[in-house]
Amino acid sequence: MTRKAETLILLAVVSVIFALYGSFYSNTFLYDDSEQVLAQQPLESFDDLIMIFTEPSFPTLPYYRPLTRASIILQKTLHGDDARWFHLFNALLASMTVGIVWLLIRLPVFRIQPVPALFVVALFGLHPAASSCVYPVSSGRETLLPAALILLSTWCFLKGTQKYYWWAVVTCGLAFLAKEQAIVLPVLFVIADRLKLTGLPEQKQKIDWLRRYAPFLLLTAGYLLLRWLLFSGTEVKLMLAEQPLGPFYSLLYSLQTSFVPFVELVYEPPVDVWFDPMRITVALLLTGILIYFVFRKSDVLARTACFWGAWFLLLILPTSNILEQECFYSERYVFLAMLAPLALFASIVSQYWDRFLVRKLFVITGLLAGVCLACISGIRGFYFENEETFFQQWVNTNPSSPTAHVHLGLVYASHGQFSEAIACYERALAIDPEFTGALINQANDLVTMQQYDQAIQLYQRSLELLDEKLQHLEVGVYHNLGNAWWGKQDAERAIQSYEHAIELSPEHLPSYLALADIYLQQNQPAHAARYLNAALKLESATKQKQREIHNVMQRFHLE
């Protein structure tokens, strides 16, 4: 195949991937997007951009992903809350990631022929695990962007020249700022060097090794220091004692997802949902076949097989349940790792490429697999169409998840269907009677329905259950408890609740405004003015909100 034909086919594959994912540009924001996109303020100055790099990326989780977060907030500044542009950018980023995969696997050291490489690129980009990194705006971006940087850094390092070496350092540093998964890159580079995949002469002196890896060691040390300054080490909790089989199940899940993914969306499933003996057997069988052919061609494939084996294991390592993590299993965790079996399969096939039957069988199999994966990923897009379709599918595939029921209830509540919403919260509480999310949201809906007494009981119950990890919710609960008391026209208890919220969070603007409203209705303008003036000084008060406060003060002659 000529270089021109190769390039044209690659462009066609990349275009198909963009067209597939881009066709769902009209999907809405959902789940994490409410916090990561909708709740974010647009950038007003360069200082706002710098601030992103000095704080955690998520208020309740130990994430430091400033580069990914900055990309989202920059888009928020440019496009507002128009989800279409975010979805199109994710589709474009997926296409670019696939292009970088092409650059990586076509390095001479991997000995992959053009046609098998093209199929690797297509199958990688069309895989359902890839779709789970494209359709959801924020959680998808948090995997796609670091994946592109990790791939690019690996390609630069394996190029083996001084110029590309420094680009590998730069992109490795950027990957650190995109997601924690990148922490394994320096280890992968050491393995690549030991396997002699970079084409460099062997480093015989320790000082030569130190000089080569010093930039990556400095990057790693600086990154860990940043995390220590932000989290003080509190984010690290070993889970092996509680879940000794966690890493083993993570490996099984990764193999199953890579080889035999579910057709329908099975979002962040627990073991009892994803564990399928038939799928695991097929996955292990296919893994065994790969290993068998590697041994048959060990003289040619041994080094590349070791590299891709290390790639697979290292890239699932950060999310293999050794440390405490947000969810135990997710297709997003497998996305980058699954390149390993695809690339290894292409390397094996390339060793037999001179045989006509092999070429014919491979092309037919690859086309069928590509069509099947494209259809599955296309079907997946409809599950991400809006929050109702997404959470309903989550409930359907994992009815024991209280989180899924609560979020489906929030969707019903947003449509004014409070009876259906409360039914969802009660199902969540039947699964976990101490699930505070269900208690709080049910209470919120009861306030809207003016059933204040029951709402107050639920708020008070939730305050008893909130532990250290959920203390950030106390502010909102006390504020909403104040709303319930004020609904009962109990001004004294409402004021106490709002003031308690302010004690917990002096920047909580809604509580200041609620207190001012109570005092205005009680004809106590001096007290109202005190809270409105305090609200104007808050950092959380946007310019729009400040204008609204000034208008209120002018209307009631409080200035």
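Residues numbered from 1 in each chain as written. Predicted model: local features only at pLDDT ≥ 70, side-chain atom pairs only at ≥ 80, totals over all residues. Heavy atoms only, no water.

Looking at the overall build of the protein
Step number 1: Scanning the protein from N- to C-terminus turns up 28 helices and zero strands.
Step number 2: C-alpha extents for the protein along the principal axes are approximately 90 × 50 × 50 Å.
Step number 3: Expressed as a percentage of its 559 residues, the buried residues of the protein come to 52%.
Step number 4: Sequence-distant contacts, at least 24 apart, represent 69% of the contacts inside the protein between residues at least 6 apart.
Step number 5: Total accessible area on the protein stands at roughly 26,300 Å², and carbon and sulfur atoms take up 62% of it. (Helix = DSSP H or I, 4+ residues; strand = E, 2+ residues; numbered from the N terminus. Buried < 20%, exposed > 50% of the residue type's maximum accessible area, 1.4 Å probe, protein only. Contact = heavy atoms within 4.5 Å. Areas by Shrake-Rupley, 256 points an atom, 1.4 Å probe, with all protein chains shown as cover.)

Quick notes on the packing of helix H10 (residues 185-194) against helix H15 (residues 298-316)
Step number 1: Following both chains from N to C, one finds H10 and H15 inclined at 170°, their axes separated by 10 Å at the closest point. Taken together, H10 and H15 sit at an angle that is classed as roughly antiparallel. Residues Val187, Leu188, Ile191 and Ala192 of H10 form the contact with H15, whose own contacting residues are Phe307, Ala310, Trp311 and Leu314. (Axes fitted to C-alpha atoms, helices over the stretch in contact; angles between N-to-C directions. Parallel < 35°, antiparallel > 145°, perpendicular 65-115°, else oblique.)

Observations concerning the pattern of salt bridges
Step number 1: Enumeration over the complete set of coordinates arrives at 15 salt bridges.
Step number 2: The salt bridge involving Arg332 is made with Glu268; its shortest N-O contact spans 3.2 Å. Of this pair, Arg332 sits in helix H16 (residues 331-334) while Glu268 sits in the loop between helix H12 (246-259) and helix H13 (271-274); the two residues are 64 residues apart in sequence, bridging distant segments of the chain. Both residues of the pair, Arg332 and Glu268, belong to the buried class.
Step number 3: Connected via shared salt-bridge partners are Arg65, Glu142, Glu180 and Arg227. (Salt bridge = Lys/Arg side-chain N within 4 Å of Asp/Glu carboxyl O.)

A few points about empty space enclosed by the protein
Step number 1: Applying the stated criterion across every chain yields a total of eight cavities of 30 Å³ or more.
Step number 2: A volume near 80 Å³ is recorded for the largest cavity.
Step number 3: As for the largest cavity, its lining consists of Ser132, Pro136, Tyr253, Leu265, Val266, Tyr267, Glu268, Pro269, Ser330, Glu331, Arg332 and Phe384.
Step number 4: Of the residues contributing to the lining of the largest cavity, the split by class is seven nonpolar, two polar and three charged.
Step number 5: Volume-wise, the second largest cavity comes out at about 70 Å³.
Step number 6: Surrounding the second largest cavity, Tyr253, Gln256, Thr257, Val260, Pro261, Phe262, Val266, Pro269, Glu331 and Arg380 form its lining.
Step number 7: It is H12 that contributes the most residues to the lining of the second largest cavity, three residues altogether.
Step number 8: Broken down by class, the residue content of the lining of the second largest cavity amounts to six nonpolar, two polar and two charged. (1 Å grid on protein atoms, 1.4 Å probe; cavity = no way out; pocket = protein on both sides within 12 Å on 5 of 7 lines; lining within 4 Å. Points joined across faces, edges and corners; volume = space filled by probe spheres on them. Nonpolar A, V, L, I, M, F, W, Y, C, P; charged D, E, K, R; others polar.)

With respect to helix H1 (residues 3-22)
Step number 1: Taking 1.5 Å per residue, 20 residues should reach 28 Å; H1 reaches 28 Å between its end C-alpha atoms and fits that length.
Step number 2: Against the buried residues of H1 lie helix H5 (83-105), helix H6 (114-126), helix H7 (128-131) and helix H18 (356-383). (Expected span 1.5 Å × (residues − 1).)

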